[in-house]
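Chain by chain, the residues run as shown.
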Amino acid sequence: MAHAVSTVDAPKPWSGGDAPFNISWGKMMMWFFLVSDALTFSSLLIYYGATRNMNREFWPNPDEVYNHFPFVEGHIPLAFVSLMTFILIMSSVTMVLAVEAGHRFDKKGVVKWMYWTVIGGFLFLGSQAYEWYHFIHGTAEGKVIEHGLGVIHGANMIENEYGPKQFANLFFLITGFHGSHVFSGVLLNIIVLIMAARGVFHRRGHYEMVEKVGLYWHFVDLVWVFVFTFFYLI
Amino acid sequence: MELYDNFQPHLHSASDPIPAPKTAWIWKIFWYLLAITVVEVGLAFANYELHFVSKQVLKYLFIGMTLLKAYYIIFSYMHLKDEKKGFQLTLGFLLLLLIYFVTLMMIEGLYQENVRLIFPSYLISDAPAFGL
């Protein structure tokens, strides 16, 4: 250790004025925001699991609840939500391609892939609206209440034809919370698309804003991967 | 903002030539994600029609495949594998809390089910609108 004589004056990575993680302020704060948002989504999904354990014998089989597909008569379990998953994965891919184009300082590429990402986001939102419509309106047969109180069709916050009250409430809460994230993600994507098209990032010299919005958009995709598993597969 | 902007991303100038895109890895991960999703949906659909394996077994398979997909999204698409180890661990600490929380709440749910089965009038507002 012949060289470690005057360690007092040596700059330390954590003593300030440096970026020890070699990551910019904005990107790091986006990661920390995503971590806190992940905790919110986790608590919602974990509560879903606990409630399901609480009502195991009443809990409906998801294959029999979400089994409609546009323009198709009859019941096809899982098909529509699989399509929604595919749309979101696809728009995640176009987002990565936009980030990659940004690394190469390729303005045309960024604009093209951001455009497709926005389209994917709108497709997903439309699919979710369709999903909610059918969940709320329910089947023609509905469910007959035992005490002669009539027939329930579909679902609202008080009663539903599928199973326990929390089944519909948690469906609305969790897919709705995720949908609002998708919505704000689409808005952010549109803003970044316009800024990229107007050459703001080109003048700035880097496309890091695309990366930050990309992180958020991938997080939305990530949450959907979990929602898909716990709501529709299991 | 100057105060916090000690780290600057690599700056380009408009006259730099644009390199050719390198997108092979993006599509590779895409095919992984698609394949895992297809296997998941295929298993769920086949089991719905044929009932060849118990739902309990499938459940753990699905959770495993979901975590695999999450790994690909976070490490490849969100570029976490390019960040420093310390930053990865800072974010990964969350996972420990979550494992604890999941275990705790699953046990709690099963306990509450027992309570409900023994005292049907307890948690009456949680009973489904039909039956009970």
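Residues numbered from 1 in each chain as written. Chains lettered and ligands numbered in written order. Predicted model: local features only at pLDDT ≥ 70, side-chain atom pairs only at ≥ 80, totals over all residues.

Caption draft 1: Structural context of the overall build of chain B. Counting its secondary structure elements, chain B contains 3 helices and 0 strands. Starting at the N terminus and walking to the C terminus, you meet the elements of chain B as α-α-α. The buried share of chain B, taken over its 132 residues, is 12%. (Helix = DSSP H or I, 4+ residues; strand = E, 2+ residues; numbered from the N terminus. Buried ≥ 20, exposed ≤ 12 C-beta atoms within 10 Å, placed from the backbone.)

Caption draft 2: Looking closely at the overall build of chain A. Helix and strand counts for chain A come out as 7 helices and 2 strands. Secondary structure of chain A in N-to-C order comes out as α-α-α-α-β-β-α-α-α. The C-alpha radius of gyration of chain A comes to 23 Å, more than 25% above the 17 Å expected for a compact globule of 234 residues. Put simply, chain A has 234 residues, and 41% of those count as buried. (Rg over C-alpha atoms; globule rule 2.2 N^0.38 Å.)

Caption draft 3: Molecular detail of the interface of chain B and chain A. Contacts between chain B and chain A engage 57 residues on the former and 59 residues on the latter. Those elements giving two or more residues to the side of chain B that touches chain A turn out to be helix H1 (24-50), helix H2 (55-77) and helix H3 (85-118) of chain B. Residue classes in the side of chain B that touches chain A are distributed as 35 nonpolar, 11 polar and 11 charged. (Contact = placed C-beta atoms within 7 Å. Nonpolar A, V, L, I, M, F, W, Y, C, P; charged D, E, K, R; others polar.)

Caption draft 4: Fine view of the confidence of the model for chain B. Residues and elements named next belong to chain B. Per-residue confidence for chain B gives a mean pLDDT of 83, with 84% of residues at or over 70. Highest mean pLDDT in chain B belongs to H2 (93); lowest belongs to H3 (88). Reported confidence for the predicted complex is 0.87 by ipTM and 0.88 by pTM. (pLDDT = per-residue confidence, 0-100.)

Caption draft 5: Region of the structure containing unusual backbone geometry. Residue A:Asn22 is not a glycine yet carries a positive backbone phi of 55°. With 13 C-beta atoms counted inside 10 Å, the residue A:Asn22 sits in the partly exposed group. Despite not being glycine, B:His79 has its phi angle at roughly 60°, a positive value. Relative to the assigned elements, B:His79 resides in the loop between H2 and H3. On the basis of neighbour counts, which here come to 17 C-beta atoms within 10 Å, the residue B:His79 falls in the partly exposed class.

Caption draft 6: Just the packing of helix H3 (residues 79-103) of chain A against helix H4 (residues 107-137) of chain A, in detail. Residue and element names in this part refer to chain A. At a minimum axis separation of 8 Å, H3 and H4 run at an interaxial angle of 160°. Our classification of the angle between H3 and H4 gives roughly antiparallel. As for how H3 packs across H4, the hand of that crossing is left-handed. In the contact of H3 with H4, the residues fall into 16 nonpolar, 8 polar and 1 charged. (Axes fitted to C-alpha atoms, helices over the stretch in contact; angles between N-to-C directions. Parallel < 35°, antiparallel > 145°, perpendicular 65-115°, else oblique. Left-handed = near helix turned anticlockwise from the far one by under 90°.)

Caption draft 7: Focus on the confidence of the model for chain A. Looking at chain A, pLDDT values average 88 and 93% of them are 70 or higher. At the level of individual helices and strands, chain A shows its lowest average pLDDT in strand S1 (residues 143-144) of chain A, which scores 74, and its highest in helix H5 (residues 165-197) of chain A, which scores 95.

Caption draft 8: Looking closely at the nonpolar core. With 68 residues, the main nonpolar core has A:Ala98, A:Val110, A:Met114, A:Val210, A:Val227 and A:Phe228 as its most contacted residues. Put simply, the parts of the chain that give this core at least two residues each are helix H1 (25-54), H3, H4, H5 and helix H7 (208-233) of chain A together with H1 and H2 of chain B. Among the elements that line this core, the one with the most residues is H7(A), at 17 residues. Those residues in contact with A:Val210, other than ones at most four positions away along the chain, are A:Ala98, A:Val99, A:Gly102, A:Val110, A:Val192 and A:Ala196. (Core = buried A, V, L, I, M, F, W, Y, C linked by C-beta atoms within 7 Å.)

Caption draft 9: Expanded view of the environment of A:Arg204. Structurally, A:Arg204 is set in helix H6 (residues 200-204). Taking the C-alpha atoms as reference points, A:Arg204 and A:Lys27, separated by 177 residues in sequence, lie 16 Å from one another.

Caption draft 10: Representation of H1(B). The end-to-end C-alpha separation of H1(B) is 38 Å, in line with the 39 Å expected for 27 residues at 1.5 Å each. Buried-residue contacts for H1(B) involve H3 and H7 of chain A together with H2 of chain B. Positioned one or two residues after H1(B), B:His51 has a phi angle of 50°, which is positive. (Expected span 1.5 Å × (residues − 1).)

Caption draft 11: Spatial organisation of H2(B). The terminal C-alpha atoms of H2(B) lie 31 Å apart, and with 23 residues this matches the ideal 33 Å at 1.5 Å per residue to within 8%. In this structure, the buried side of H2(B) is in contact with H3 and H7 of chain A together with H1 of chain B. Positive phi appears at B:His79, one or two residues downstream of H2(B), with a value of about 60°.

Caption draft 12: Main features of the packing of H3(A) against H7(A). Residue and element names in this part refer to chain A. Viewed as axis vectors pointing N to C, H3 and H7 meet at an angle of 160°, and their least axial separation amounts to 10 Å. In terms of orientation, H3 and H7 fall into the roughly antiparallel class. H3 and H7 meet at a crossing whose hand is left-handed. In contact with Val-81, Thr-85, Leu-88, Ile-89, Ser-92, Met-95, Ala-98, Val-99 and Gly-102 of H3, H7 contributes Val-210, Glu-211, Gly-214, Trp-217, His-218, Asp-221, Trp-224, Phe-228 and Tyr-232. Of the residues contributing to the contact of H3 with H7, the split by class is 11 nonpolar, 5 polar and 2 charged.

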